[in-house]
Amino acid sequence: MKIAILGAGFAGIATARTLSALNHQVTVFESESEVGGVWASSRRYPGLCTQNPGDTYHFSEIPLPKDYPEWPSGEQMQAYIQSCVAQFGLNHLIRLETRVEQVSYNDEHRKWTLHTASSSNVNEPKEEHEGFDFLVIANGIFSQPNVPAFAGEERWLNAGGKLLHTSELIDLEQARDKDVLVLGYGKSSCDAACAASKVSRHTTVVTRHVIWKIPRKIAGVINFKHLFLTRLGEGLFPWAKLKGFDSFIHGRGKPLRNLLLAGLQKIIESQFKLRERGLHPNKPLESVARTSVSLATNGFFEAVATGDIRVARETTIEQLTPGKALLSNGDTVDTDLIIAGTGFRQTVPVLPPAMMNRLLNEDEDFMLYRGILPIDIPGLAFIGYNSSLMCPLICEASAMWLAEYLRGGINLPAKEDMQTRIEDRLAFHKNRMDGNYFHGTYLVPFSIRPIDELLDDIDLNVGQLEKGKQWLRHVKPTAYAHNYQVLQQRAAITSQSAPVGSEPYAESTQQGSG
């Protein structure tokens, strides 16, 4: 098939590597001048690094370079992705500085038409129209910055104020000698506050909610991956369906589970001196399963203790006036630079509005089976919309699932059953996670369970021995590297057995008994 992929981050590269290896004609469209997605130089703020250790955050076939630190920088991650593109032999498939302006689908011919604009030649921008059999949206859930509007913003801007999203803070000189207000308490907000505080006049973090921060090393000794990226650690938080050990730990074994979490909570409280610094979330550690798991920024709590960073909690910006921000708690903060760590919007502007309406429910949640497949839109898939802490690995698993779907190797449930499963998953997200479910596109704090679902569907999951090891040992992407060979063997068998003139991607593959 002739397949278009939008985006050259982890999701787009994993999909291109998988589908091109199975002899599909793949083209990747990337609006930036380099691959990398959130790690591209135009989007990474000073001090950006991975949230989880490097040995859990890479393509299964290619570990990170041995000279990389345990938590690689954004620059190192971009360089790694670029090197993987070369090793996978994908350079010729990627069109950099090429923005997809709009797409359309012809039901009769089952073809997508992409309308693109290339900016690689500034003097002669090039516009093209090209047809494809299948479209993969891999632009990621962190592609469109969400920056709120504030009362009085125009006057504040006219008086010299500047408003940035964290992804737009690419040079610390933007914060030098400024009164900086950072909005939010997630990882990017705290990273930006720490970086800005080194050059700013004052730095204030304004946040509606103080959430739990997870130390890179608990008690300064135990790497958090040994607790949160193992099957046992993930099992401490109830998954949508409880079975096996999950049923025990949230049933008769729940007192033991509660004891483990309470002990971990006390360690983190003491390690970060949360009560002394006025930064206790005032809710149990279990609430990390109801919001975004956030790794603590090195030096953040120390900067709060020294006064280099002030935190205004349970408040937000009520109004802006020249040089100042009035907060909802009545305080006024000197402010001439606002850095908004207010997340991203999950939108796909290239898709026609009518198609977007078919993709979303009334809450604007993406209705995707397995986080990949729309039910009623043919020739379309999403990769990277079921993101987790183990982003590269779930992108690979999703790309493999899609490859098997295209081969006809998945017997999907009936549409009504898929719809029910999607609605059940969204209800789990919404009810369990206090609304912080990213419109159904982000799995918090689960990384392993959704990978299991995808790979079990296509009979490519690791064996029981490896799963047993993963209960106490963190999951390693290298354990899944063999899957590419299996996929290629299956594709070869399918190719040899298919009769001449047959259509291996027929509509009939989209329904079945499950």
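Being a predicted model, the structure only gives us computed values, none of them experimental. (Residues numbered from 1 in each chain as written. Predicted model: local features only at pLDDT ≥ 70, side-chain atom pairs only at ≥ 80, totals over all residues. Heavy atoms only, no water.)

**Q** Sorry, what's going on with the pattern of salt bridges here?
**A** Under the counting rule described, the total for this entry stands at 26 salt bridges. With a shortest N-O distance of 3.2 Å, R421 and D417 are connected by a salt bridge. Within this pair, R421 and its partner D417 are both found in helix 12 (residues 415-432), separated by 4 residues, close to a single helical turn. (Salt bridge = Lys/Arg side-chain N within 4 Å of Asp/Glu carboxyl O. Helix = DSSP H or I, 4+ residues; strand = E, 2+ residues; numbered from the N terminus.)

**Q** Quick question: what am I supposed to make of the sheet that holds strand 6 (residues 126-132) here?
**A** Paired through their backbone hydrogen bonds, the strands of a sheet run either parallel or antiparallel. If you walk across this open sheet you meet the 3 strands as 4-5-6, and the pairing is antiparallel. Of all the strands in the sheet, the pair left with one neighbour each is strand 4 (98-106) and strand 6. Within the sheet, the average angular offset between the axes of one strand and its neighbour, ignoring direction, is 20°. As paired strands, strand 5 (residues 111-118) and strand 6 are joined by 7 bridges and run antiparallel to one another. The residue bridging S118 from the neighbouring strand is K126, located in strand 6. (Pairing = 2+ DSSP bridges. Axes fitted to C-alpha atoms, helices over the stretch in contact; angles between N-to-C directions.)

**Q** I keep staring at the packing of aromatic side chains and nothing clicks. Help me out?
**A** Geometry of an aromatic ring pair is reported as the spacing of the ring centres plus the angle between the planes. Taken as a whole and assessed by the stated rule, the structure comprises 22 aromatic pairs. Pairing F428 with F446 gives two aromatic rings, centres 6.1 Å apart and planes at 40°, and the pair type is tilted. Of this pair, F428 sits in helix 12 while F446 is found in the loop between helix 12 and helix 13 (448-457), placing the two residues 18 residues apart along the sequence. With relative accessibility at 13%, the residue F428 sits in the buried group. Aromatic ring contacts, followed pair by pair, group F10, W39, Y57, F59, Y80 and F88 into a single cluster. Above the plane of the ring of Y484 lies R17, whose end atom (NZ or CZ) is 4.2 Å from the centre. (Phe/Tyr/Trp six-rings, centres within 6.5 Å; stacked < 30°, edge-to-face > 60°. Buried < 20%, exposed > 50% of the residue type's maximum accessible area, 1.4 Å probe, protein only. Lys NZ or Arg CZ within 6 Å of the ring centre and 35° of its normal.)

**Q** Quick question: what am I supposed to make of the sheet that holds strand 10 (residues 179-183) here?
**A** If you trace the 5 strands from one edge of the open sheet to the other, you get 9-20-10-11-16, paired in parallel fashion. Of all the strands in the sheet, the pair left with one neighbour each is strand 9 (162-165) and strand 16 (310-313). Each strand of the sheet is rotated relative to its neighbour by a mean of 20°, with strand direction disregarded. Note that strand 10 and strand 11 (residues 202-207) share 5 bridges and pair parallel. Within strand 11, the residue paired with D179 across the bridge is H202.

**Q** I keep staring at helix 13 and nothing clicks. Help me out?
**A** Each α-helix winds once per 3.6 residues, and so residues spaced three or four apart point in a common direction. Counted residue by residue, helix 13 has 7 buried out of 10 residues, so it is predominantly covered. By the burial criterion, the buried members of helix 13 are I448, R449, P450, I451, D452, L454 and L455. Note on helix 13: the residue one or two positions beyond its end, D459, has a positive phi of about 55°.

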